[in-house]
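The lines below spell out each chain.
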Amino acid sequence: MAEECIFCRIARGQLPAEVVYQDEQVVAFKDIRPVAPVHILIIPRKHIPDLTAITPADKELLGHIHLVAVQIARELGLAERGFRLVNNCKEEGGQVVYHLHFHLLGGRQLRILG
Ligand code: 5GP
Ligand code: ZN
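Residues numbered from 1 in each chain as written. Chains lettered and ligands numbered in written order. Predicted model: local features only at pLDDT ≥ 70, side-chain atom pairs only at ≥ 80, totals over all residues.

Caption draft 1: Quick look at the site of ligand 1. Close to ligand 1 lie 13 residues; Ile-32, Arg-33, Asn-88, Val-96 and Val-97 are nearest. A per-class count over the shell around ligand 1 returns 7 nonpolar, 3 polar and 3 charged. (Near = placed C-beta within 6 Å. Nonpolar A, V, L, I, M, F, W, Y, C, P; charged D, E, K, R; others polar.)

Caption draft 2: Layout of helix H2 (residues 59–75). Given a rise of 1.5 Å per residue, 17 residues ought to cover 24 Å, and the 25 Å separating the end C-alpha atoms of H2 matches this to within 8%. Taken residue by residue, H2 has Ile-65, Val-68, Ala-69, Ile-72 and Ala-73 as its buried positions. Take H2 and look down its axis: the buried residues cluster within an arc of 135°, on one side only. H2 presents Lys-59, Glu-60, Gly-63, His-66, Leu-67, Arg-74 and Glu-75 as exposed residues on the side facing more than 90 degrees away from its buried surface. Elements in contact with the buried residues of H2: strand E1 (19–22), strand E2 (26–30), strand E3 (38–44), helix H3 (78–81), strand E4 (84–86) and strand E5 (102–106). Two residues or fewer past H2, Gly-77 is found with a positive phi of approximately 75°. (Helix = DSSP H or I, 4+ residues; strand = E, 2+ residues; numbered from the N terminus. Expected span 1.5 Å × (residues − 1). Buried ≥ 20, exposed ≤ 12 C-beta atoms within 10 Å, placed from the backbone. Arc of directions from axis to C-beta. Contact = placed C-beta atoms within 7 Å.)

Caption draft 3: Main features of the confidence of the model for the chain. Mean pLDDT over the chain: 96, with 97% of residues reaching 70 or higher. The ipTM assigned to the predicted complex is 0.99, against a pTM of 0.97. (pLDDT = per-residue confidence, 0-100.)

Below is the structure:
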């Protein structure tokens with residue numbers, strides 16, 4: 001847990017966010033600057049700085065994040081249409097917030113990455 005990490009603070013309820021799902025392991029909330037009609041961030045409550053910091057002990061957590069992503073996508077009617085689940089890792093990956101998060105994007109035709 002990082003005192004000053006904004007996503008840790010959101011997970012602890014110390015910063016406001018439009019939370020769409022939460023349980024003991026993860027929190028999902030709307031991105032403050034959405035780039036698609038659906039733009040949700042799914043984060044572990046545990047502070048993991050970026051994807052390279054995961055360990056074998058996080059296997060279940062990462063599987064759970066994917067199951068939560070599919071559940072949210074289904075609830076929003078995206079399971080049939082399709083969607084994108086993205087992790088930006090470190091500087092060249094475009095990561096800005098250094099608390100592991102996955103972007104759930106959908107609701108419009110998304111372009112090829114790059
Ligand atoms: P990254 O580039 O690190 O993968 O993405 C960080 C994302 O977090 C960005 O899409 C940005 O809009 C979002 N974000 C940054 N600060 C906040 C915040 O305080 N609240 C919410 N809901 N989203 C945030
Ligand atoms: Zn954090």
